[in-house]
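Next come the chains, spelled out residue by residue.
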Amino acid sequence: MEVVAVIDFETTGLSPDYGDRATEIAAVLIEDGQVVDRFQSLMNAGVRIPAFITELTGITDAMVRKAPPAADVMRDVSDFVGDYPLVAHNASFDSRFWDAELKHVHRKRRQEFACSMLVARRLFPQAPSHKLGVLIEYAKLPVTGRYHRALADAEMAASLLLHMEEELRRRYQLRDVPHELLRKIQKVQKQQLDTCVERYRLTSVTNR
DNA sequence: TGCCAGGCCCTCTTTAGGGCCTT
């Protein structure tokens with residue numbers, strides 16, 4: 001059975017290209033429809049946290065000062081996820097920080113990201129919005145902790161991913177919803193979802 | 001010290017503009 005790693009960063013801002021750094025990372029491993037392992041750590045990149053970020057996340061300068069160096073944490077989380085395919089909610093954000101923080105430790109990402117937000121936009125176009133918190137409420141999934149903390153957000157993104165995989169299995173009579181299919185779905189127009197999944201089902205050995 | 005993004009997606013579109021989503 002495929003293992004997938006769902007990750008979430010808390011950061012000092014929106015852009016690593018403008019000096020923003022990660023303050024916390026979490027990764028949860030999903031296998032066979034359930035979470036089988038978890039990683040979470042605050043990380044000290046030696047930068048100040050803007051007040052509005054502390055307001056948003058609850059993460060303070062004092063908390064980060066006591067945390068392990070960012071480089072150590074990134075080596076650890078990179079080892080933890082290995083080559084497993086990655087998933088994040090709005091992966092364009094987390095992938096930029098993942099790549100930027102790995103670059104600080106002279107490592108490169110070896111696997112692809114899938115985006116739970118892009119999949120949700122196609123699968124649940126009628127949802128009131130596609131923010132993680134709104135989708136959790138929309139799908140009646142449990143809130144596992146404080147929003148905007150890495151482990152809670154990663155757990156809830158994982159829960160949303162499993163919910164969407166179940167919906168895809170039910171809607172299209174699929175046996176499996178591999179990462180490869182999620183990446184195909186996130187690239188098609190929402191009107192093309194049926195065609196995309198049917199084509200995949202017909203060509204995939206595991207789903208026939 | 002503070003400065004600040006970028007990919008997707010829709011439409012009043014494609015030689016563009018603006019909202020969504022992440023922190």
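Please refer to the structure placed before this passage.
In short, a report on the structure. (Residues numbered from 1 in each chain as written. Chains lettered and ligands numbered in written order. Predicted model: local features only at pLDDT ≥ 70, side-chain atom pairs only at ≥ 80, totals over all residues. Heavy atoms only, no water.)

The subject of this paragraph is the pattern of salt bridges. For the structure on display, the rule yields twelve salt bridges. Between Glu166 and Arg169 there is a salt bridge; the shortest N-O distance is 3.2 Å. Pair noted here: Glu166 and Arg169 are both in helix H7 (residues 150-172), with a separation of three residues, about one helical turn. When its relative accessible area of 45% is taken as the criterion, Glu166 is described as partly exposed. Under the relative-accessibility criterion, Arg169 is labelled partly exposed at 24%. If you follow the salt bridges from partner to partner, you end up with Glu167, Arg170 and Arg171 in one network. (Salt bridge = Lys/Arg side-chain N within 4 Å of Asp/Glu carboxyl O. Helix = DSSP H or I, 4+ residues; strand = E, 2+ residues; numbered from the N terminus. Buried < 20%, exposed > 50% of the residue type's maximum accessible area, 1.4 Å probe, protein only.)

Residues of helix H9 (residues 193-203) that are buried: Leu193, Cys196, Val197 and Tyr200. One face of H9 carries all of its buried residues, which in axial projection span an arc of 90 degrees. Across H9 from its buried face, at more than 90 degrees, point the exposed residues Arg199, Leu202 and Thr203. The inward-facing, buried residues of H9 abut helix H5 (116-123), H7 and helix H8 (179-185). (Arc of directions from axis to C-beta. Contact = heavy atoms within 4.5 Å.)

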